[in-house]
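Here is how the chains run, residue by residue.
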Amino acid sequence: SVCYAAFLVYGAFIAAAGAALPEMAGRMSMSTSHVGFVFTTRGIGYFAGTILSGYILSLTHNPVSKQMMTCVALMLSGLATGITASSANFGLVISMFFVQGMGSGGVDTMANCAMPELWGLRVQPWMQALHAMFGVGAIIGPSLVGVMSYQTTFELLAVLSAVPFGVLLVYTILDQTEHALCGGRKQRE
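Worth saying up front: this structure is predicted, and the values here are computed from it rather than measured.

**Q** Can you help me understand the environment of Trp119 in this one?
**A** The topology assignment puts Trp119 in helix α5 (residues 90-119). Its relative accessible area of 24% is what places Trp119 among the partly exposed residues. Excluding residues within four positions of it along the chain, Trp119 makes contact with Tyr4 and Trp126.

**Q** Teacher, can you tell me more about the environment of Leu169 here?
**A** On the secondary structure map, Leu169 appears in helix α8 (residues 163-188). Residue class for Leu169 comes out partly exposed when judged on its relative accessible area of 36%. Between the C-alpha atom of Leu169 and that of Ile139, which follows or precedes it by 30 residues, the distance is 28 Å.

**Q** How should I be thinking about helix α6 (residues 123-147) in this particular structure?
**A** Residue pairs spaced three or four apart in an α-helix point in one direction, given the helix's 3.6 residues per turn. Compared with an ideal rise of 1.5 Å per residue, which puts 25 residues at 36 Å, α6 spans 36 Å between its outermost C-alpha atoms and is within 8% of the ideal. Regarding α6, the residues found buried are Val123, Met127, Leu130, Gly137, Gly141 and Val145. Along its buried surface, α6 packs onto α1 (2-28), α5 and α7 (150-160).

**Q** Sorry, what's going on with the side chain of Thr153 here?
**A** Tracing the backbone through its elements, the reader meets Thr153 in helix α7. Accessibility expressed as a relative area gives 0% for Thr153, which makes it buried. The residues contacting Thr153, other than those within four sequence positions of it, are Ala16, Gly141, Leu144, Val145 and Met148.

**Q** Is there a simple way to explain unusual backbone geometry in this structure?
**A** Excluding glycine, residues mostly carry a negative phi; peptide bonds, for their part, are mostly trans. Backbone geometry places Ser29, a non-glycine residue, at a positive phi of 55°. Topologically, Ser29 is positioned in the loop between α1 and α2 (32-35). Of the residues examined, Ser29 reaches a relative accessible area of 67% and is grouped as exposed.

**Q** Is there a simple way to think about the nonpolar core in this case?
**A** Soluble globular proteins: nonpolar side chains tend toward being buried together. The biggest cluster of nonpolar side chains holds 35 residues, and the ones touching the most others in it are Met24, Val35, Leu74, Met115, Leu130 and Phe154. When contributions to this core are tallied by element, the ones reaching two or more residues are α1, α4 (66-85), α5, α6 and α7. With 15 residues, α1 is the single largest residue contributor to this core. If sequence neighbours within four positions are ignored, Met24 has contacts with Val35, Thr84, Val93, Phe97, Tyr150 and Phe154.

What counts and what doesn't
- Residues numbered from 1 in each chain as written.
- Predicted model: local features only at pLDDT ≥ 70, side-chain atom pairs only at ≥ 80, totals over all residues.
- Heavy atoms only, no water.
- Helix = DSSP H or I, 4+ residues; strand = E, 2+ residues; numbered from the N terminus.
- Buried < 20%, exposed > 50% of the residue type's maximum accessible area, 1.4 Å probe, protein only.
- Contact = heavy atoms within 4.5 Å.
- Expected span 1.5 Å × (residues − 1).
- Core = buried A, V, L, I, M, F, W, Y, C linked by side-chain atoms within 4.5 Å.

Next comes the structure, spelled out in structure tokens:
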């Protein structure tokens, strides 16, 4: 499921921010405690994203799958992470951390609701695996900041945030094509 890949990338950019904080503060010529306010705005964004996701899930005629909504929320967070990578403007950075938080709330809510749909009563080990992927990402993210600069790490994570969406989109197109071809064959028989 693309939810696992989404949680891996989600964990990476959530944890990478802590490792990036000193370098971000230096780039913006501010104290780390002042720049650390980004975590508060991200938390507020996460709360807003969770509430918004709950509302979206309550819509009765939503044609978009929870997996697709997970991927879109991840791309929103990835876009915000990528914009943050190249900015020394604290106002923009703090705004993008809010947006990253909103997307993160969406990833978390949508993926956690998608798993029972996918696995039914057998969801327990698969749900644990989902959250384990977040943990793996949370190890990878700060490690990347240590090996590369935070800017390069954030840019890489921004690109990787689009991968689950691309995979799901290709799978959906191939699946619909197969159904169209097989459905047409069955009608001819």
